[in-house]
Amino acid sequence: MRTLMIVCCGEALIDLVTEDGLTYSARAGGSALIAALAGARMGGDFAILARVSKDAFGQRIRQELQESGVATDLLVDAVEQTTLAVAAISTDGNASYSFYMKGTADWNWTSNELILPAAPALALLVGSMSMEVEPGRGLILELAESCHSHGHTTVLFDPNTRLQSGSLGASNAEATLPFVDIVKVSEEDMSLLYPGHDPAEVALKWAGLGPDLVCLTKGASGVVAYRPDHPPLSVASPSVDVADTIGAGDTFCAALLFGLQKNGLLGSGSRERRASLSRETIRRLLQLACAAAALACENIGASPPQAWSIVESLAFDHPGAV
């Protein structure tokens, strides 16, 4: 396995995507899988730590990961069947999900499966349903805590709320914050976790609970970045023709991590380097992440961009880019 990689930890499942409720297309999905695919396709050194079934869907997942250049050394061979997510696409491109996950491969983690290689990973991405379902949640949190405490691995947390909302989800998210360096969270997730609260106020609060960067994504409106002792920074998203929004947030995470890696802002000592970043550098990193997320929306199903050069072109050449 290649060393100094960005490891995406979580679920690798199959999305059954429908626009009419009658015809379904099977696509590789799951937050960790989409982020790993996106990062590798853009040219990054990405690996995935996930439990994958040996059934036909699991074989398809493995094939897509390998074809995209994702390191699969950390995959766990699971005896359970692949998790299925039925994604219904609305007229505005947003997806609503139903999950078939009882007794499936993604959730039955054991402590001896959640082990990173001896060479420290540059970054660890955690979140989504794998951080909502036990025993995985507790074990993945322990892994994040270990990475964070040793200081060699940057931890990014994306709640990507699917199963928990309200006080339980908020409590679990806040319990994770002391052990992570960067947070990406959508306005939609904030509204589910803190109904009736201003997402911006919650994001500002989160920036004081441990992370050095909190990115509050706002869909087509872009992102606002919050850092301790810095004013918020808003970055617009380029305009694209939206087919659906599946995988946009995961692609944002991958592009942000890849951009940070290219600038030497992940891994050992990087927290101090990120703290001294100029607003312009943060802006450019977020422009790239927004552009990658926008490109992921142009096709049905999770479809991250195929090259970093395409992301750079959209990030800096669209009207309104700074």
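This text goes with the structure placed above it.
Bear in mind that the values here come from a model prediction, so they are computed numbers and not experimental data.

1. A few points about empty space enclosed by the protein
Within the structure shown, the criterion is met by 4 cavities of 30 Å³ or more. Reported here for the largest cavity is a volume of approximately 100 Å³. The wall of the largest cavity is formed by 13 residues, among which Met131, Glu132, Phe157, Pro159 and Gly169 lie closest to the centre. At 4 residues, the largest contribution of residues to the lining of the largest cavity is made by helix α4 (residues 166–176). Along the lines of polarity and charge, the residues of the lining of the largest cavity split into 5 nonpolar, 6 polar and 2 charged. Reported here for the second largest cavity is a volume of approximately 80 Å³. Lining the second largest cavity, in full, are Cys9, Gly10, Ser31, Ala32, Leu125, Val126, Gly127, Ser128, Asp158, Asn160, Asp250 and Cys253. Where the lining of the second largest cavity is concerned, the elements lending two or more residues are α1 (31–41), β9 (123–127) and α7 (248–262). The element that contributes the greatest number of residues to the lining of the second largest cavity is β9, accounting for 3 residues. Residues that form the lining of the second largest cavity fall into these classes: 5 nonpolar, 5 polar and 2 charged.

2. A few points about the pattern of salt bridges
One pass over the structure, following the stated rule, counts 12 salt bridges. Between Arg62 and Asp77 there is a salt bridge, with the nearest N and O atoms lying 2.5 Å from each other. A residue pair is termed long-range when its members are at least 10 positions apart, and Arg62 in helix α2 (residues 56–68) and Asp77 in strand β6 (residues 76–78) qualify at 15 residues. Here Arg274 makes a salt bridge to Asp181, at a shortest N to O gap of 4.0 Å. With Arg274 in helix α8 (residues 270–275) and Asp181 in the loop between α4 and β11 (182–186), this residue pair connects regions lying 93 residues apart in the sequence. Per residue, the accessibility class of Arg274 equals that of Asp181, and both read buried. Members of the salt-bridge network, linked through shared partners, are Asp181, Asp212, Arg271 and Arg274.

3. Points about the packing of α1 against α7
Viewed as axis vectors pointing N to C, α1 and α7 meet at an angle of 50°, and their least axial separation amounts to 8 Å. As judged from the angle between their axes, α1 and α7 are oblique. Two packed elements cross with a definite hand, and for α1 against α7 that hand is right-handed. Here Ser31, Ile34, Ala35, Ala38 and Gly39 of α1 come into contact with α7, specifically with Asp250, Thr251 and Ala254. In the contact of α1 with α7, the residues fall into 4 nonpolar, 3 polar and 1 charged.

4. So, the sheet that holds strand β8 (residues 95–100)
Across a sheet, paired strands are connected by hydrogen bonds in the backbone, their directions being either parallel or antiparallel. Taken in spatial order, the 4 strands of this open sheet run β3-β2-β7-β8, and their pairing is mixed. With partners counted over all chains shown, the strands left at the sheet margins are β3 (25–29) and β8, one partner each. Each neighbouring strand pair of the sheet contributes to a mean axis angle of 30°, computed without reference to strand direction. Judged from the 5 bridges that link them, strand β2 (residues 13–18) and β3 form a sheet pairing that is antiparallel. Note that in β3 the partner of Ile14 across the bridge is Ala28.

Definitions and cut-offs
- Residues numbered from 1 in each chain as written.
- Predicted model: local features only at pLDDT ≥ 70, side-chain atom pairs only at ≥ 80, totals over all residues.
- Heavy atoms only, no water.
- 1 Å grid on protein atoms, 1.4 Å probe; cavity = no way out; pocket = protein on both sides within 12 Å on 5 of 7 lines; lining within 4 Å.
- Points joined across faces, edges and corners; volume = space filled by probe spheres on them.
- Helix = DSSP H or I, 4+ residues; strand = E, 2+ residues; numbered from the N terminus.
- Nonpolar A, V, L, I, M, F, W, Y, C, P; charged D, E, K, R; others polar.
- Salt bridge = Lys/Arg side-chain N within 4 Å of Asp/Glu carboxyl O.
- Buried < 20%, exposed > 50% of the residue type's maximum accessible area, 1.4 Å probe, protein only.
- Axes fitted to C-alpha atoms, helices over the stretch in contact; angles between N-to-C directions.
- Parallel < 35°, antiparallel > 145°, perpendicular 65-115°, else oblique.
- Left-handed = near helix turned anticlockwise from the far one by under 90°.
- Contact = heavy atoms within 4.5 Å.
- Pairing = 2+ DSSP bridges.

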